[in-house]
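This is what each chain is made of:
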Protein chains: 2
Amino acid sequence: MLFFTQCFGAVLDLIHLRFQHYKAKRVFSAAGQLVCVVNPTHSLKYAPTRCAAAQASAEQGILPPCHHHEAVHDPQLVPCTCPLFSCPWEGHLEVVVSHLRQTHRINILQGAEIVFLATDMHLPAPTDWIIMHSCLGHQFLLVLRKQEKYEGHPQFFATMMLIGTPTQADNFTYRLELNRNQRRLKWEATPRSVLECVDSVISDGDCLVLNTSLAQLFSDNGSLAIGIAITTSKVHNAEAEM
Amino acid sequence: MLFFTQCFGAVLDLIHLRFQHYKAKRVFSAAGQLVCVVNPTHSLKYAPTRCAAAQASAEQGILPPCHHHEAVHDPQLVPCTCPLFSCPWEGHLEVVVSHLRQTHRINILQGAEIVFLATDMHLPAPTDWIIMHSCLGHQFLLVLRKQEKYEGHPQFFATMMLIGTPTQADNFTYRLELNRNQRRLKWEATPRSVLECVDSVISDGDCLVLNTSLAQLFSDNGSLAIGIAITTSKVHNAEAEM
């Protein structure tokens, strides 16, 4: 009996997934674009001290020290970059992706252009929607966060981080695009490095920011479809030199 | 002596204008694009009752009644659409533009693509930056407003309204673009009709919304350059029919 109940549940889940996928396809109507349904996770950690240390190190071009083992520290090691959990793991930058996949079960998608379909936008803040995106030989972390910067007024913040150094991140441009109800919103920027910490990017507001009313206009049945594209930025230093 | 002082002031103003113009040109680097320096104005009116009435009428396809003469009212007349002042003027839609130019001294610019350069972004809310834009045989009103929706947290709201009916407005798409510091933000939407009232568009948040931190990232020396383009929308009903 339990077996049949579970089977029925799985079939219902599949139908729901298929329906979400169809909706995202309709919104973006781009044949061949991969649509990824991303379910929300309640954020369990907000550890600003760790982030502040990581950011200070990143700005100085040093890999950040781990706050768990401050006495003896290998500068080649980075702490876990998962924005969801205060995780004691540390390792080399090259193995961060496999740690995020295996320990935090964050999905990874391939392709230059994908659609990120965040479900259950109505859930109370703080909530995160996270995937990894593999593209142009690198891995990126896409974070959509619902957070109350001003009490009682939740906002949505979306950003893309390179799982790499700030110098590597400077070689790319990412684009987030919302398109629905005869409205279109595009945000283009250089991704930050995960060493700079997603929490500080969001608290600085240097990302795509949506008020609840705008998020509702772009949502379809409680789900928000975000088109994502990553390109290499050829002239990224031109403006900085001016 | 007074004559020389005034002359010197005028020359300084011209130099300042030229400098602002040069800055906006550099940001957008599009030869031939008209740059308009727009100075801020403190908003003197917030009259939600008038707006609510105007919007309700617009939704029903009727020209809005004037709250100043409710007893005897000509339905062909519309109240003044200037978002700055509670103005007792009313007249036909065709003469709204000349009223706005003559009485409220709002500038009008020609061209399919222009750059709106709002100065003194640091001024406290509520503040408005307003111009009219003549394009494709119609006139549009561009409003940038700094307003505190949440006390102590001013935000910037930018929208474009057609000086015409909602049915006429459905034929156009407007685009607002910010581009600076390796970041780009684009908002595209169908303009609203001025009969729908700019205050309600902004309170609904159905426009380009910028937090102070993002506005600072896009500003240059206290001025914000917004690229504006208007096109005719051919497939504007396709999505609505789905």
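Within each chain, residues carry numbers counting from 1 in the order of the written sequence. Each chain gets a letter, beginning with A, and each ligand a number, beginning with 1, in the order they are written. Side-chain atom pairs in this predicted model are given and counted only at pLDDT of 80 or more, local residue features only at pLDDT of at least 70, and totals for whole chains, interfaces and linings cover all residues. Calculated side-chain values reflect all of the structure's heavy atoms, with hydrogen atoms and water omitted.

*Asks:* Provide a residue-level description of the interface of chain B and chain A, including the pertinent values.
*Replies:* With 30 residues of chain B in contact, the opposing surface of chain A contributes 30 residues. For salt bridges, the criterion is a side-chain nitrogen of Lys or Arg within 4 Å of an Asp or Glu carboxyl oxygen. Counting every contact that joins chain B to chain A gives four salt bridges. When the shortest N-O distance is used, the salt bridge between A:E188 and B:R184 registers 3.6 Å. The term polar contact refers here to a pair of N or O atoms within 3.5 Å; inside protein, the definition further demands a hydrogen-donor-capable atom paired with an acceptor-capable atom, and it admits residues adjacent in sequence only when both atoms are side-chain atoms. Our count for the chain B to chain A interface comes out at nine residue pairs in polar contact (both at pLDDT 80 or more). Note that Gly is not counted as nonpolar here; it falls among the polar residues with everything else outside the nonpolar set of Ala, Val, Leu, Ile, Met, Phe, Trp, Tyr, Cys and Pro and the charged set of Asp, Glu, Lys and Arg. Residue composition of the side of chain B that touches chain A, by class: 11 nonpolar, nine polar and 10 charged. Strands are labelled as partners when DSSP assigns at least two bridges between them. Here a strand is any run of E in DSSP of at least two residues, a helix any run of H or I of at least four, and the numbering for each starts at the N terminus. Pairing analysis gives seven bridges linking strand β11 (residues 183-189) of chain A to strand β11 (residues 183-189) of chain B, with the strands arranged antiparallel. Note that in β11(B) the partner of A:K186 across the bridge is B:K186. Contacts were defined at the residue level, with two residues in contact if any of their heavy atoms lie within 4.5 Å.

*Asks:* How would you sum up the side chain of A:R183? Please name residues and give values.
*Replies:* Along the chain, the position of A:R183 falls in strand β11. One polar contact links the side chain of A:R183 to the main-chain carbonyl oxygen of A:N181, over a distance of 2.5 Å. A polar atom in the side chain of A:R183 sits 2.6 Å from the side chain of B:D206. Setting aside anything within four residues of it in sequence, one finds A:R183 in contact with A:L178, A:L217, A:F218, B:W187, B:E188, B:A189, B:R192 and B:D206.

*Asks:* Residue-level account of the UniProt feature "domain: Seven-in-absentia protein TRAF-like" (unreviewed entry) in chain A, with values.
*Replies:* Following the UniProt record, the feature "domain: Seven-in-absentia protein TRAF-like" (unreviewed entry) maps to residues 134-228 of chain A here. When the span residues 134-228 of chain A is considered, its composition is 19% helix and 58% strand, and the gap between its end C-alpha atoms is 12 Å. UniProt positions are given in the numbering used here, feature names are shortened, and annotations may be inferred rather than shown by experiment.

*Asks:* How would you summarise the pattern of salt bridges if you had to cite specific residues and measurements?
*Replies:* Applying the stated criterion to the full structure yields 18 salt bridges over all chains. B:R145 is the salt-bridge partner of B:D199, the closest N and O atoms lying 2.8 Å from each other. Placement of the pair is B:D199 in helix α5 (residues 198-204) and B:R145 in strand β8 (residues 138-150), with a sequence separation of 54 residues. Working definition: with a 1.4 Å probe on protein chains only, accessible area under 20% of the residue-type maximum means buried, over 50% means exposed, and in between means partly exposed. Looking at B:R145, the relative accessible area reads 1%, which means it is buried. Ionic contacts of the salt-bridge type, sharing partners, join the residues A:R175, A:E177, A:R184 and B:E188 into one network.

*Asks:* I'd like to hear about the relation of the copies chain B and chain A, residue by residue, with values.
*Replies:* At an RMSD of 0.0 Å, chain B and chain A line up after a rotation of 180 degrees and a shift of 0.0 Å along the axis. Both copies of the chain, as the preceding transformation shows, are related through a two-fold rotation axis. The rotation axis passes nearest to the C-alpha of B:K186 in chain B, at a distance of 2.5 Å. In this assembly the copies share their binding face: 100% of the residues contributing to the interface of chain B also contribute to that of chain A. Copies are brought into register by a least-squares superposition over C-alpha atoms of residues with pLDDT of at least 70 in both.

*Asks:* Which residues make up the packing of aromatic side chains, and what values do they have?
*Replies:* Side-chain rings of Phe, Tyr and Trp (the six-membered ring for Trp) are treated as a pair once their centres are within 6.5 Å; stacked means planes under 30 degrees apart, edge-to-face means over 60, and tilted covers the remaining angles. Within the structure shown, the criterion is met by seven aromatic pairs over all chains. When the ring of A:W187 is compared with that of B:F218, the centres are 6.3 Å apart and the planes differ by 90 degrees; the resulting orientation is edge-to-face. Placement of A:W187 in strand β11 and of B:F218 in helix α6 (residues 212-218) is noted, with the two residues assigned to different chains. Each of the two residues, A:W187 as well as B:F218, counts as buried. Measuring from ring centre to ring centre gives 6.3 Å for B:W129 and B:F156, while their planes differ by 45 degrees; the resulting arrangement is tilted. Here B:F156 lies in strand β9 (residues 153-162) and B:W129 lies in strand β7 (residues 127-135), a separation of 27 residues in the sequence. Given a relative accessible area of 2%, B:F156 falls into the buried group.

*Asks:* Tell me about helix α3 (residues 96-104) of chain A, residues and numbers included.
*Replies:* All names here are of chain A. Those residues of α3 that fall on the buried side of the exposure criterion are V96, V97, H99, L100 and H104. Relative to the axis of α3, the buried residues are bounded by an arc of 165 degrees and lie together on one face. Considering only its buried residues, α3 is in contact with β3 (78-79), β5 (108-110), β7 (127-135) and β8 (138-150). Positioned one or two residues after α3, R105 has a phi angle of 55 degrees, which is positive. An arc is given here, and it is the one of the directions from the helix axis to the C-beta atoms.

*Asks:* Could you give an account of the pairing of strand β15 (residues 223-232) of chain B, with specific residues and numbers?
*Replies:* Residues and elements named next belong to chain B. Taken across its 10 residues, β15 has eight buried, putting it largely inside the fold. Judged from the six bridges that link them, strand β6 (residues 113-118) and β15 form a sheet pairing that is antiparallel. Bridge pairing links E113 to A229 in β15. Bridge analysis of strand β10 (residues 172-180) against β15 gives six bridges, and the strand direction is antiparallel. Within β15, the position partnered with R175 by the bridge is A229. The sheet contact formed by strand β14 (residues 219-220) and β15 spans two bridges and is antiparallel. Paired with D220 across the two strands is S223, which belongs to β15.

*Asks:* Give a description of the environment of A:C87 that names residues and reports values.
*Replies:* Residue and element names in this part refer to chain A. Of note, C87 is situated in the loop between β3 and β4 (90-91). With relative accessibility at 8%, the residue C87 sits in the buried group. Along the sequence, C87 and T103 sit 16 residues apart, while their C-alpha atoms lie 9.7 Å from each other.

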